[in-house]
Amino acid sequence: MGAPKLKPRYTVDEYLALERAAEERHIYLDGEIIAMAGESNNHGIISFNVVATLGSQLKGTRCQGRTKDTKVRSGPVPETGRGKKGLFSYPDILVICGEPEFHDSYTDVILNPKVIIEILSESTEAFDRGEKFKRLQKWNPTLTDYVLISQDEPEIEHFAKPKKGPWTYQPYAGLDASVPIASIGCTLKLADVYDRVVFSSD
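Every value quoted in this text rests on a predicted model; they were computed, and no experiment measured them.

Caption draft 1: Broad picture of the sheet that holds strand 2 (residues 32-35). As summarised here, the arrangement of the 5 strands in space is 2-1-5-4-7, forming an open sheet in which the pairing is mixed. In this open sheet, the two edge strands, each paired with only one partner strand, are strand 2 and strand 7 (109-110). Relative to strand 7, strand 4 (residues 71-74) runs parallel, the two being bridged by 2 bridges. Bridge pairing in strand 7 links Val-72 to Ile-110. Running at roughly 180° to strand 1 (residues 26-29), helix 1 (residues 12-21) makes contact with strand 1, strand 2, strand 4, strand 5 (87-89) and strand 7 of the sheet.

Spelled out as structure tokens, the structure:
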């Protein structure tokens, strides 16, 4: 039996060149390129609902939103042509306050997210809760809020970073609940987030 084949490891520059020419989205993690799965019906509905409610509340403020096709870099400045360390991910929804800061002149990779919102799925939940959040905390000091939304039941989890002290955690459940995101002056009402979502009876 031969030795197992090792997955090819790509530099950040190689990943970005491939990704900018690709039709599908891929995450980059320390040299590995990982294909992203498509979204479920509930995921799509929830994503649209969140964008709609945040968009109306952010009008006229210094903050602006982005949707799932914007990459965020969570890692050191890569060494040109050689660097393989870091995470490039696609948050479902993110909010930037002030002028966006970009990885390079393509202006498609954000460095200064303020709020990141992820809609959990079976294939990504462990990563969203674990390694992704860990790296966001370490490499994106502008991040003040990390919001995880269930697509299986009306439940939202809110991690917030106060000006002083450690991250806090607050879960919200039920369609009567509301999630205040004080850093951007917005509120997510679960009734709005889950409008038209049909939950499984299993």
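Read on, since the account is not over.
Caption draft 2: Broad picture of the pattern of salt bridges. Counted according to the given criterion, the structure contains 13 salt bridges. Taking the shortest distance from any N to any O, the salt bridge between Lys-132 and Asp-128 comes out at 2.9 Å. Here Lys-132 and Asp-128 have matching classes, each one buried. Several salt bridges share partner residues, and in doing so they unite Arg-20, Lys-71, Asp-104 and Asp-108 into one network.

Cut-offs used in this document
- Residues numbered from 1 in each chain as written.
- Predicted model: local features only at pLDDT ≥ 70, side-chain atom pairs only at ≥ 80, totals over all residues.
- Heavy atoms only, no water.
- Pairing = 2+ DSSP bridges.
- Helix = DSSP H or I, 4+ residues; strand = E, 2+ residues; numbered from the N terminus.
- Contact = heavy atoms within 4.5 Å.
- Axes fitted to C-alpha atoms, helices over the stretch in contact; angles between N-to-C directions.
- Salt bridge = Lys/Arg side-chain N within 4 Å of Asp/Glu carboxyl O.
- Buried < 20%, exposed > 50% of the residue type's maximum accessible area, 1.4 Å probe, protein only.

By themselves, these observations are geometric and do not establish any function.
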